[in-house]
Amino acid sequence: MKTFIKSLIKFLRPAKNVDQAIIERQIENVKLRAEKKTDLDRWQNDNQLFRDWDERTLILASYIRPNASIIEFGAGNMVIKTNIDNYKSYIPTDIVARFEETIVCDLNEGIIEEVKNCDTAVFSGVLEYVYDIDRVFTELGPTIKQVVLSYCCSDIVTLSRDKNGWLSDYTKSDLEEIFINQGFKIENYSEWRNQSLYNLIRE
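Now for a description of the structure that goes with this document. Fair warning: this is a prediction, and the values are worked out from it, not measured in the lab.

1. A word on the overall build of the protein chain
Inference 1: In terms of regular secondary structure, the protein chain is built from seven helices and seven strands.
Inference 2: If you list the helices and strands of the protein chain from N to C, you get α-α-α-α-β-α-β-β-β-α-β-α-β-β.
Inference 3: A buried classification covers 49% of the 203 residues belonging to the protein chain.
Inference 4: Considering only intrachain contacts with a sequence separation of at least 6, the fraction spanning at least 24 residues in the protein chain is 56%.
Inference 5: Surface accessibility of the protein chain: about 10,700 Å² in total, with carbon and sulfur atoms responsible for 48%.

2. Looking at the sheet that holds strand S1 (residues 68–73)
Inference 1: Taken in spatial order, the seven strands make up an open sheet running S3-S2-S1-S4-S5-S7-S6, and their pairing is mixed. What marks the edges here is a single partner per strand, and that holds for strand S3 (103–104) and strand S6 (184–192).
Inference 2: As paired elements, S1 and strand S4 (residues 120–123) share four bridges and run parallel to each other. When the sheet's bridge partners are listed, Phe-73 is paired in S4 with Phe-123.

3. Quick word on the environment of Leu-149
Inference 1: Checked against the element boundaries, Leu-149 lands in strand S5 (residues 146–151).
Inference 2: Look at Leu-149 and you get buried, because its relative accessible area is 0%.
Inference 3: Distance from Leu-149 to Gly-125, taken between C-alpha atoms, is 7.7 Å for residues 24 residues apart in sequence.
Inference 4: Not counting residues up to four positions away in its chain, the partners in contact with Leu-149 are Leu-60, Phe-123, Leu-127, Phe-137, Phe-179, Ser-196, Leu-197, Tyr-198 and Leu-200.

4. Focus: the nonpolar core
Inference 1: Counting residues in each nonpolar core, the largest one holds 30 residues, and the members touching the most others are Phe-123, Leu-140, Val-147 and Leu-149.
Inference 2: Mapped by element, the contributors of at least two residues to this core are S1, S4, helix H6 (133–140), S5, helix H7 (172–181) and strand S7 (195–202).
Inference 3: Ranked by residue count, the leading element in this core is H6, at four residues.
Inference 4: If you look at the next biggest cluster of nonpolar residues, it comprises 15 residues, including Ile-64, Ala-75, Ile-84 and Val-148.

5. As for the packing of aromatic side chains
Inference 1: Within this structure, the stated rule accounts for seven aromatic pairs.
Inference 2: Aromatic pair Phe-137 and Phe-179: ring centres 5.4 Å apart, planes at 40°, arrangement tilted. You can see Phe-137 sitting in helix H6 and its partner Phe-179 sitting in helix H7, a full 42 residues away along the chain.
Inference 3: Directly above the ring of Tyr-189 sits Lys-172, whose terminal nitrogen or CZ lies 4.6 Å from the centroid.

6. A word on the pairing of S6
Inference 1: As paired elements, S6 and S7 share eight bridges and run antiparallel to each other. Residue Phe-184 lies in a different strand from S7, and its bridge partner there is Arg-202.
Inference 2: Between S6 and the antiparallel strand that follows it, S7, lie two residues; Arg-193 among them carries a positive phi value of about 50°.

7. Topic: the pairing of S7
Inference 1: S7 sits mainly inside the fold: seven of its eight residues count as buried.
Inference 2: Across six bridges, S5 lies against S7 in antiparallel orientation. Bridging from a neighbouring strand, Val-147 pairs with Leu-200 of S7.

8. Things to note about unusual backbone geometry
Inference 1: For Met-78, which is not glycine, the phi torsion reads 55° and is therefore positive.
Inference 2: Look at Arg-193: it is not a glycine, yet its phi comes out positive at around 50°.
Inference 3: Along the polypeptide, Arg-193 turns up in the loop between S6 and S7.

9. Focus: the pattern of salt bridges
Pairs may arise between side chains of opposite charge once their charged atoms sit close together.
Inference 1: In total, this model carries seven salt bridges according to the counting rule given.
Inference 2: In this structure, the salt-bridge partner of Lys-81 is Glu-101, at a minimum N-O distance of 2.9 Å. One end of the pair, Lys-81, is in helix H5 (residues 79–83); the other, Glu-101, is in the loop between strand S2 (87–94) and S3, with 20 residues separating them in the sequence.
Inference 3: With relative accessibility at 31%, the residue Lys-81 sits in the partly exposed group.

About the cut-offs
- Residues numbered from 1 in each chain as written.
- Predicted model: local features only at pLDDT ≥ 70, side-chain atom pairs only at ≥ 80, totals over all residues.
- Heavy atoms only, no water.
- Helix = DSSP H or I, 4+ residues; strand = E, 2+ residues; numbered from the N terminus.
- Buried < 20%, exposed > 50% of the residue type's maximum accessible area, 1.4 Å probe, protein only.
- Contact = heavy atoms within 4.5 Å.
- Areas by Shrake-Rupley, 256 points an atom, 1.4 Å probe, with all protein chains shown as cover.
- Pairing = 2+ DSSP bridges.
- Core = buried A, V, L, I, M, F, W, Y, C linked by side-chain atoms within 4.5 Å.
- Phe/Tyr/Trp six-rings, centres within 6.5 Å; stacked < 30°, edge-to-face > 60°.
- Lys NZ or Arg CZ within 6 Å of the ring centre and 35° of its normal.
- Salt bridge = Lys/Arg side-chain N within 4 Å of Asp/Glu carboxyl O.

Structure representation (structure tokens):
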């Protein structure tokens, strides 16, 4: 595996006039995938949180049922909390603690216990950085009755997954098979910039 990584890194080394940052991200992504690790260094940088992502998050928020007990994974700047008011409780989690109330959670390491106190889970721009989405859904547990999420399906979004730092490659049908097997039905489906947005309800 180490020999393969070294060969791939050599292949990806930039020629003149090639964006160095993109190449470095590709190289880092190869290493992360080989070791099944999360890109902590990237997400410790607040500049990686882009305001135009808020539109996607607010679409997902519109699906959340009234009086929900919400746990948001990859909460970032907590856009949901500041833009909806008809909810029972809200727990923000992220790979790094950006605010005092944020609970640190690396989805590649496992779901936190606080999920048991919630009935609604939010994943906005998060699951691309998770290796095993099926495991995540299993660990959500029976208390979660609604999941709203976005995902860049590999058969819809043709962007380089390594350039974007994405760690999983699920197709739309792969995802929907997981949802069904985990006991969820697709209540709503839409697309935002070719990203798939789902509102899932546990049957």
